[in-house]
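# Fold and geometry: a report
These are the residues of each chain, in order.
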Amino acid sequence: MQDGETMARLRIEQLKARLQLIPHAEGGSYVRHFTSDATVLAGARGRPASTAIWYLLSSGERSLWHVVDADEIWHHIEGETVSVLVYQPETGEVQRHRLGPFDDHATPFLVVPRGCWQAVIEIGEYALCTCVVAPGFEYQGFSLIRDLGDQRALFDGVLAEWKHLL
């Protein structure tokens, strides 16, 4: 009989192979599995109305602080509950959300508004999520905080507790 840790490792490898996941710049593994045929005007140009990825984090991995120029909707699919940190620059507030199977302390659905910084911590063995971005995700609308010198100053103040997620 296999222990829980071995079974989780086998499941992670199965998911990576089946979904054809590749490393993500923010941490974890992902693959885009949907791009809308519809386009919307976002700023001065058109882009897909929405996109979706499979996103897998396993033990020891983190999703580093990053920002997207569109709303991102997280859906927990399987695995353990994770904490999603959301920093709202307008208010200076950090919120900690529990994303996982629905119970008194977690919800399987979370919206991160555009322009808010986000990071994921506290991964148990693994968590598989789907992330839907609307309007659709484009790399020019994505930034890791570690790549933006002026934003790093946030980690000397309000975000000092989460400096390890740079």
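All of the points below concern the structure found in this document. None of these values were measured; they are calculated from a predicted model. Each residue is numbered by its place in its chain's sequence as written, counting from 1. Totals for whole chains, interfaces and linings use every residue, but because this is a predicted model, local features are given only for residues with pLDDT of at least 70 and side-chain atom pairs only at 80 or more, for both listing and counting. By convention in this description, side-chain values take in all heavy atoms of the structure and omit both hydrogens and water.

By definition, two strands form a pair when at least two bridges between them are found by DSSP. Think of it this way: any DSSP run of H or I at least four residues long counts as a helix, any run of E at least two long counts as a strand, and we number them from the N terminus. Read across the sheet, 6 strands follow the order S1-S2-S5-S12-S7-S10 without closing on themselves; strand pairing throughout is antiparallel. Whereas interior strands pair on both sides, the edge strands pair on one side only; in this sheet they are strand S1 (22-23) and strand S10 (109-112). Relative to strand S5 (residues 51-58), strand S2 (residues 29-35) runs antiparallel, the two sharing 6 bridges. Note that in S5 the partner of Phe34 across the bridge is Ala52. Lying on the sheet, helix H1 (residues 4-19) is in contact with S2, S5, strand S7 (71-79) and strand S12 (126-134); it crosses S12 at an angle near 35°. Contacts are residue-level and defined by heavy atoms, with any inter-residue pair within 4.5 Å sufficient. Geometry is summarised by axes, namely lines fitted to C-alpha atoms with helices restricted to the contacting stretch, and by angles between N-to-C directions that run from 0 to 180 degrees.

Turning our attention to the pattern of salt bridges. As a working rule, side chains carrying opposite charge can pair if their charged atoms are close by. Between Lys or Arg on one side and Asp or Glu on the other, a salt bridge is scored when a side-chain nitrogen of the former is within 4 Å of a carboxyl oxygen of the latter. With the rule as written, the count across this model stands at 3 salt bridges. The closest approach of N and O atoms between Arg11 and Glu78, which form a salt bridge, is 2.8 Å. Here Arg11, found in helix H1, pairs with Glu78, found in strand S7; they are 67 residues apart in sequence, far enough to count as distant. Relative accessible area decides the class of each residue, using a 1.4 Å probe on protein chains only: under 20% of the type maximum gives buried, over 50% gives exposed, and in between gives partly exposed. Classification of Arg11 by relative accessible area gives partly exposed; the value is 23%. The salt bridge partner of Glu138 is Arg45, with a shortest N-O separation of 2.4 Å. Here Glu138, found in the loop between S12 and strand S13 (142-144), pairs with Arg45, found in strand S4 (residues 45-48); they are 93 residues apart in sequence, far enough to count as distant. According to the relative accessible area criterion, Arg45 is partly exposed, its value standing at 34%.

The 5 strands are arranged S9-S8-S11-S6-S13 in an open sheet whose pairing can be described as antiparallel. Taken across any chain shown, the strands that pair with only one partner, and hence form the sheet edges, are strand S9 (93-99) and S13. Taking the axes of each pair of neighbouring strands and ignoring which way they run, one obtains an average angle of 25° across the sheet. Across 3 bridges, strand S6 (residues 63-68) lies against strand S11 (residues 117-121) in antiparallel orientation. Looking at S11, one finds that Val67 is bridged to Trp117.

What follows is about the environment of Glu122. In this fold, Glu122 is placed in the loop between S11 and S12. C-alpha of Glu122 to C-alpha of Gly60: the two residues are 62 residues apart in sequence and 8.7 Å apart in space. The contact partners of Glu122, leaving out residues within four places of it in the chain, are Arg62, Thr81, Val82, Ser83, Arg96 and Arg98.

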